[in-house]
Structure formats: structure tokens, C-alpha cells
Amino acid sequence: MSEDRLLRIPVMARVEGKGALEVTLREGRIGEVRLSIFEPPRLFEKILEGREFREVPDIVARICGICPAAYQITSVLAIEKGFGMVPGEEITRFRRILACGEWISSHSLHIHLLAAPDFLGYPDAMEWGRHDPQTLRRGFELHALGNALMSLLGGRPVHPVGACVGGFFRFPSRQETKALAERIRAALPLASALVRWAADLDYPESDRAFTSVCLQGAGGYPMNEGRIVSDRGHDLDPADFEFRIREFQVPHSTAFHSLLDGEPYLVGPLARLNIHGDKIPEDILSDVVSSGIRFPSTNMNHSLLARAIEIHYALRESLSLLEGPPPAGPSFVPAEPVEGTGIAATEAPRGILWHRYDLARDGLVRKARIIPPTSQNQSLMEDDLRESLERAGLDRPEEALRKDAERIVRNYDPCISCATHFLDLTVHRDDG
Amino acid sequence: MTMSGSARPEEGSKTPHPKPRIAVLKLASCDGCQLAFLGLGDKLLELSGQVEIVHFAEAGPLGPLTGLDITFIEGSLSTREDRDMVLSVRKESRFLVTIGACATSGGIQALRNLASGPLLSSLYPSPEVIDFLDQSTPVASLVPVDLELWGCPVTGDQILGSLRSLLFGALPPVQTDKVCLECKRRGIACVTVTKQIPCLGPVTLTGCGALCPSFDRGCYGCFGPAENPETSSLARSFSGLGLTPSEITRRYLFINSNAPAFLKEGRRWQGGDSHE
């Protein structure tokens with residue numbers, strides 16, 4: 001019989017965090033799968049109420065130390081929309097550079113410190129580094145470049161200080177921009193080597209149908225703009241998103257789960273690459289050819305390779321944006337608060353990040369709603385665990401089951417916290 | 001380094017002396033301060049050779065929290081489970097170090113301490129399943145802390161600097177300079193003097209390198225209050241720059257709202273005037 005154990009679960013207000021997993025095995029099958037995100041709630045949506053619009057980017061950055069810029073960019077885009085502001089091409093260009101930096105930084109961290117040890121058979125990156133320091137160092141170099149891009153526009157990679165409603169407090173100097181462009185150009189071969197290495201990893205087979213969801217806009221591979229589309233025909237204005245997804249609380253998690261039109265779906269690098277692979281330059285994808293892996297892919301393990309491809313893409317993209325003409329004109333447009341609602345969605349490193357702010361005429365936030373990527377992926381993650389573990393066979397030692405379960409979860413890069421070895425797997429065996 | 005009564009010999013270790021045992025723990029936080037470790041690059045690998053990283057969930061190791069030489073804690077206390085864990089880990093740690101605003105002052109989420117009404121039930125349909133304390137508080141409100149590293153986030157230099165001292169059994173010198181001094185050192189023109197931008201630099205600890213002024217904006221206090229901060233006179237100068245009392249309150253009640261000096265000044269201006 002099943003054990004309905006109530007976990008004492010501190011959780012976070014819908015962002016990444018510590019997690020636990022509970023799986024019930026019943027007569028050779030899986031009963032319940034409970035992926036618990038038990039980051040203590042931090043109640044950001046409440047903290048935002050009554051704060052002035054100017055403070056919002058620095059508040060929401062603190063939701064996530066790994067993707068603070070995505071929170072900042074999404075919040076300023078939403079507030080600008082609410083105020084009817086149009087900051088213009090230069091500011092849009094530098095925001096894309098900032099997003100590139102964060103993708104590179106976040107993806108490099110996830111691949112090297114969190115996910116790759118799963119495919120290489122090491123317990124952690126430190127142990128991997130003792131055996132193969134060169135490969136890990138390449139990851140560190142790419143991570144540092146992503147951080148340097150974020151620092152160019154915000155002084156530091158965690159909670160950068162450069163972005164504001166209307167644009168940036170200042171643009172980087174020509175000298176700073178040029179120096180970083182040179183570093184990036186010199187590092188492109190590293191990114192290409194990373195993609196080839198990632199393509200050659202030994203990925204377990206997996207073929208599960210799922211719906212990929214991401215943005216689609218005029219700016220090429222999606223980052224900071226566009227409609228919300230899927231490979232099953234969805235095509236939504238971000239303003240309509242909240243009416244099509246259903247968020248619900250499950251007893252074992254303080255992160256909400258979400259369904260799009262009643263179904264689980266995937267957001268993040270693999271979803272983006274599945275839908276927009278044609279926007280990645282041919283020569284970047286050519287590094288994958290010899291592996292036989294093709295996108296779109298229904299193997300979630302390939303999300304690691306998708307991250308590597310996005311790192312190379314984001315380096316190339318940021319280089320070409322940095323090498324554009326030096327910015328002319330002011331770094332921000334002045335904000336004039338008006339009463340109203342502003343909604344925006346961007347592609348954070350882990351997928352669609354959606355913000356809505358109800359703003360008063362004095363510029364204070366009346367109400368805020370934030371839908372982060374991880375809660376969107378959580379239903380699919382649990383389905384994947386159930387099916388993939390059953391398919392691989394349950395009559396195995398718990399250690400093997402635990403490792404598989406951890407790898408499956410890490411494929412989704414659940415907004416991080418302890419995405420490496422964070423799982424506290426409890427296996428209840430009811431067959432007896 | 002000798003750690004009588006705390007360090008344990010490593011099983012199978014070939015080193016003659018046991019390596020110092022280190023843990024990095026996380027409470028309620030954004031994980032950004034742990035990145036000060038994870039972003040160390042090569043130095044992280046060096047560190048993992050010099051010390052035994054016993055427990056650091058985000059990096060992998062999940063060893064038992066016993067016999068620790070240095071324990072770093074990120075995040076604020078906001079659940080019963082975390083409170084129990086901190087009580088226990090204090091007993092097991094020779095040095096306990098808080099990293100970042102959350103662990104040191106309660107963090108941005110301490111703003112909820114100032115709110116009225118049932119916050120949780122307004123966000124979660126079933127709040128009763130959530131383990132949650134009334135207030136978000138710093139680690140030092142529960143147990144003695146040997147070293148507090150301020151910052152939102154802390155930097156890799158703060159981490160490495162403190163490790164170097166602590167591995168020799170000594171507490172590092174405490175930084176007490178204000179952001180203002182850092183601007184002068186770096187030759188950054190004062191944003192208040194030259195552009196009339198309100199700036200918390202005169203009352204905030206340095207450590208960031210005066211980042212915000214270098215980006216043409218005022219400091220917002222993420223490294224917390226400096227020693228003997230003249231919060232009231234700065235607040236009056238904010239008033240002179242045209243800030244309303246509620247704007248002055250929000251300046252102080254932000255990243256480190258629960259730090260006593262900022263909390264006191266922020267409250268003083270709450271409700272319309274400074275009560276002076």
C-alpha cells in the first residue's frame with residue numbers, strides 16, 4: 001500500500017531552489033513521483049507591491065543569482081510596455097548583448113559544474129577536474145567570458161547594476177567594448193570545440209514526445225522579444241499567456257506547476273533549438289553532424305548539447321553586436337509613469353520568463369505576477385521521470401535508480417539552486 | 001593547521017595531516033553568493049585539493065555536517081527546518097561565516113517582516129503545507145557568527161581572502177570603509193555633488209568597488225551599513241534633494257532592510273516625517 005507521507009517542505013516563491021524527489025514503487029511500477037522544490041518562500045510578488053518602478057529591476061534580480069539579468073530585462077520591458085515607452089534599437093541591441101552574456105555564463109556553469117559529470121561518470125566537477133582539467137578549464141574560460149559580457153553592461157555578473165527602465169544608466173566605452181570583442185573573437189575556437197565535445201558525449205537513448213514552447217520574434221534566434229509559439233501550433237501574444245496556462249499548487253512543492261492548454265510542455269534551450277534551429281548558423285551546427293544527432297530532438301539528454309550550441313551562438317551574436325557602430329544618443333529614455341498594466345516575456349537561460357506589473361499613476365507597483373521557467377517545466381519533468389525510469393527498469397539497485405533520476409532532472413536545469421546532486425531520493429518499495 | 005576535536009582523518013587519505021573540512025550551506029537565497037565559489041574557476045579546483053569540501057550541494061558533495069572547520073552559510077533563516085539545521089551545524093563548526101546580505105542581515109526577503117497581513121495565504125492556495133517562520137532573519141539572530149561577509153552578492157575576493165585567514169586559524173581584518181572612500185580612491189566623481197543623484201555611499205560598506213557610482217547611479221546599499229553610519233544626516237540631505245519621506249524610507253528599507261541602522265532610519269521616515 002502506498003505511503004502518503006507528508007513532507008515538511010519549505011519552498012520558494014516560484015523560483016529555483018533546493019529539491020527533493022519521492023518515488024513510490026508499487027508492484028514493479030512507479031506509483032507516485034514527487035519532485036519537491038523546497039526552497040523557502042521569499043514572496044517576491046508581495047515584496048514588489050508598493051515599490052516604485054525604478055526599484056523593480058534591482059528587486060527581481062534577487063530572485064535568481066544565476067539569471068538576474070533575465071529578470072531585470074523582463075521587468076524593464078514589461079514596465080516600459082505599461083508606460084508606453086519605446087527605447088529604440090541601440091538599447092535593444094545592448095540588452096541582447098546582456099542576455100547573450102547571461103546565456104553563456106549560465107549554460108557554461110550548468111554544463112560543466114552541474115550536468116556533465118552525469119554523462120562522464122564523475123560524482124562532481126571537482127573530481128572530473130582531477131582527471132581531465134583541460135576540458136573543465138575550457139568551460140571555466142567560457143563561463144568567465146559570459147561574466148565579462150554581463151560586467152561590461154552591469155559591473156558584475158550577479159545582480160548587475162547597469163540596466164534601468166528606459167535603457168541603461170550608461171553605455172560601455174568604446175575601449176571596453178573593443179577589448180571584450182577581441183577576447184570573444186579569440187575564444188570562438190573554444191566554443192566550437194565545446195560543441196564537438198558535447199556532441200560526442202554518450203547520451204542515453206530517450207524518445208518521448210513533448211511540446212516545445214519558446215518565443216518567436218523578428219530579432220532572429222529568440223531572446224528578448226516575440227510571440228509565444230510551440231511546435232504544436234500555439235501562437236500567443238505574451239499578454240494572453242496567463243489565460244492559456246494554468247498554474248496550480250501541488251502539496252509537495254511551493255513552486256507552482258503549469259500546464260499550457262492543459263498539457264505539460266518544455267521551455268528552455270532544447271525547446272528553442274527544436275523550434276529555431278534554422279536560425280543557428282550552419283557552421284555552428286556542422287560541429288554536430290558527425291555525431292548523428294539532429295535537431296529537433298526528442299531526447300531530453302540532448303539539452304546539454306543544446307546549451308553548448310547556444311553558447312557558441314551567443315558568443316558569435318554578442319561579437320557581431322559589439323562590433324556594430326558605437327552607440328549614439330542617450331543610454332536611456334526618461335520614464336513617464338502612467339496607470340496601466342505592462343506584460344513582457346523573454347527567453348531566460350532556462351526558458352520563457354513572463355512578468356506582469358499593474359502600475360499606478362505615481363509609478364508604484366500595485367500588483368506583480370511572475371512565471372519563471374522552472375515551474376513551467378516541472379510537470380514534464382515528473383512525467384519524464386515516471387516514463388524514463390520505468391523504461392530503464394526498476395529492478396535495479398537504488399543507487400542506479402538515483403543516478404538516473406538525478407540526470408533526468410538535471411536535463412531540465414531546474415532553476416538551479418542545487419541542481420547538482422540536490423536530489424534527496426526516497427524510494428518506497430510497496431511490493432512485498 | 002590543527003583542528004583538535006573537529007577535523008577528522010580522511011578515509012583512505014594519503015596526506016599525513018587531515019585536510020580542513022569545509023561546508024557551504026544554503027538557506028533562503030538566490031544562490032548568487034554560492035556563485036562566488038563556483039565562479040572561482042581554476043581556484044575552485046585548487047581549493048578542492050587543499051581542503052575537503054564536505055558538503056556543498058550546488059557543487060555536488062553532500063557529506064554529513066559534522067566535524068567542520070569552516071562553514072559558510074548563504075541565505076536567511078525562514079523555516080523551522082533551516083533553524084534546526086543551523087543550531088546543529090553551529091555546534092559542529094569551528095568557524096561559522098555568513099556570506100551575503102541574506103545570511104548577514106535577513107536579505108531582501110526581510111522586507112516581508114515589515115508587511116502586515118497574511119502574505120503566504122495571498123500567494124498560495126494551501127499555505128498550511130509550507131514550513132515557514134514569521135520573519136526572515138539573519139543567522140546571527142540564532143547562533144554566534146564568527147565572520148560576516150556583507151554584499152549582495154559577495155565577491156570571490158571576499159571568499160578567498162577570508163579563507164586564507166581562517167585556514168590559518170585567524171579571523172581576517174574587518175572591512176569598515178564606506179563606498180564614499182572607494183569613489184575617492186577610484187577617482188569617480190561624486191554623483192550627488194555633480195549630478196544631484198541620491199546615493200547611500202556615505203553610509204554603506206564598500207566591497208563592491210563603488211560599482212553604482214561608476215555606472216552614473218547612486219549606491220543602493222547592497223553591502224549594508226558601514227560603521228557609525230550617519231543615516232539621519234544623509235536622510236535629511238535626501239530630503240534636500242527633493243525625496244519624499246516615503247522615498248527616503250524605501251532607500252533604507254531595501255536589500256538590507258533588517259540591518260539595525262537602516263531599519264531604524266527607514267522607520268523614522270515612515271508615515272510622513274522624520275519625527276525629529
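Note that this is a predicted model, so its numbers are computed, not measured.

Reading the values: the criteria
- Residues numbered from 1 in each chain as written.
- Chains lettered and ligands numbered in written order.
- Predicted model: local features only at pLDDT ≥ 70, side-chain atom pairs only at ≥ 80, totals over all residues.
- Heavy atoms only, no water.
- Domains from an automatic or database assignment.
- Buried area = accessible area lost by both parts, 1.4 Å probe.
- Salt bridge = Lys/Arg side-chain N within 4 Å of Asp/Glu carboxyl O.
- Polar contact = N/O pair within 3.5 Å; in protein donor to acceptor, adjacent residues only side chain to side chain.
- Helix = DSSP H or I, 4+ residues; strand = E, 2+ residues; numbered from the N terminus.
- Phe/Tyr/Trp six-rings, centres within 6.5 Å; stacked < 30°, edge-to-face > 60°.
- Buried < 20%, exposed > 50% of the residue type's maximum accessible area, 1.4 Å probe, protein only.
- Lys NZ or Arg CZ within 6 Å of the ring centre and 35° of its normal.

## Considerations on the domain arrangement of chain B
Residue and element names in this part refer to chain B. By the assigned domains, chain B splits into domain 1 (21–167) and domain 2 (179–268). Between the C-alpha centres of domain 1 and domain 2 the distance comes to 26 Å. Contact between domain 1 and domain 2 buries roughly 1100 Å² in total, counting both sides, with carbon and sulfur atoms accounting for 64%. Broken down residue by residue, the surface that domain 1 buries against domain 2 is led by L114, W150 and C152, which jointly contribute 43%. Where domain 1 packs against domain 2, one counts 0 salt bridges. If you look at where domain 1 meets domain 2, you find 4 residue pairs in polar contact (both at pLDDT 80 or more).

## A few points about unusual backbone geometry
Cis geometry marks the peptide bond from F295 of chain A to P296 of chain A; its omega dihedral reads 5°. Relative to the elements of secondary structure, P296 of chain A occurs in the loop between α10 (282–285) and α11 (303–322). The linkage connecting C152 of chain B with the following residue, P153 of chain B, adopts the cis geometry, with an omega of 10°. Examined against the element boundaries, P153 of chain B turns out to sit in the loop between β5 (147–149) and α6 (156–167). Located in the positive-phi region is D261 of chain A, a residue other than glycine, with phi close to 50°. Among the structural elements, D261 of chain A can be located in the loop between β9 (257–260) and α9 (269–276). The phi torsion at A210 of chain B lies on the positive side, around 55°, for a residue other than glycine. In this fold, A210 of chain B is placed in the loop between α8 (191–195) and α9 (211–214).

## Observations concerning the packing of aromatic side chains
The full count for this structure, using the stated rule, is 12 aromatic pairs over all chains. Centroid distance F94 of chain A to F171 of chain A: 4.8 Å. Interplanar angle 40°. Geometry classified as tilted. In this pair, F94 of chain A sits in helix α4 (residues 89–120) while F171 of chain A sits in the loop between β4 (167–168) and α7 (174–199), placing the two residues 77 residues apart along the sequence. In this structure, F94 of chain A and F171 of chain A share a single accessibility class: buried. Considering the side-chain rings of F168 of chain A and F171 of chain A, the 6.4 Å spacing of their centres and the 45° angle between planes classify their relative orientation as tilted. Considered together, F168 of chain A and F171 of chain A belong to a single accessibility category, that of buried residues. A network of ring pairs unites the aromatic residues F94, F168 and F171 of chain A as a single cluster. Taking the ring centre of F215 of chain B as reference, the NZ or CZ of R170 of chain A above it sits at 4.0 Å. In this structure, R272 of chain A packs its charged tip against the face of W103 of chain A, placed 4.0 Å from the ring centre.

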